[in-house]
Amino acid sequence: MKKLFLVLLAGALFVACGNKAEEATEEAVVEEPVVEEVVVEEPVVEETAVVEEETTVKEAAKKAGKNIAKEAIKKGEEEAVKAIDNAEPETPQQTVRRR
């Protein structure tokens, strides 16, 4: 009985799905005229790119270190000159004899 029920169920499934497939294929085909679009290509002007040298992190750090060192030396030099200019001239000390 179970086998008969499965066979009938499978047959009903084929019949139910088959009718919808036939109805779906009956569609009206409308033809439209084909219009081609003409594309006008403009000449391409190539720009020359400036190629920058690739630097590694190590090289960039070394360069930054040099720049910082130069600025520190300049700053120290300027402060030393100011200190020398602002210094009071030394007066010679006289020796005092005690009697």
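Above this text you will find the structure in question.
What you are looking at is a predicted structure, and each value in this text was computed from that prediction instead of being measured.

Participant: Mind showing me how you'd approach the overall build of the protein here?
Facilitator: When helices and strands are counted, the protein shows two helices and zero strands. The 99 residues of the protein split such that 0% are buried. If you sum the accessible surface of the protein, you get close to 11700 Å²; carbon and sulfur atoms cover 57% of it.

Participant: Sorry, what's going on with a nonpolar patch on the surface here?
Facilitator: A contiguous nonpolar patch, built from Phe5, Leu6 and Leu9 and spanning about 340 Å² of accessible area, is present on the exposed surface. In this fold, Leu6 is placed in helix H1 (residues 2-25).

Participant: Whenever I open this one, the pattern of salt bridges confuses me. Can you help?
Facilitator: When the charged atoms of two side chains lie near each other, side chains of opposite charge can form a pair. One pass over the structure, following the stated rule, counts one salt bridge. The residue Lys74 makes a salt bridge to Glu71 at a minimum N-O spacing of 3.9 Å. One end of the pair is Lys74 and the other is Glu71, both in helix H2 (residues 57-86) and three residues apart, which spans about a single turn. Its relative accessible area of 47% is what places Lys74 among the partly exposed residues. The class for Glu71 is partly exposed, based on a relative accessible area of 48%.

Calculation notes
- Residues numbered from 1 in each chain as written.
- Predicted model: local features only at pLDDT ≥ 70, side-chain atom pairs only at ≥ 80, totals over all residues.
- Heavy atoms only, no water.
- Helix = DSSP H or I, 4+ residues; strand = E, 2+ residues; numbered from the N terminus.
- Buried < 20%, exposed > 50% of the residue type's maximum accessible area, 1.4 Å probe, protein only.
- Areas by Shrake-Rupley, 256 points an atom, 1.4 Å probe, with all protein chains shown as cover.
- Patch = residues over 30% accessible without salt bridge, like charges linked within 9 Å, V, L, I, M, F, W, Y side chains within 5 Å.
- Salt bridge = Lys/Arg side-chain N within 4 Å of Asp/Glu carboxyl O.

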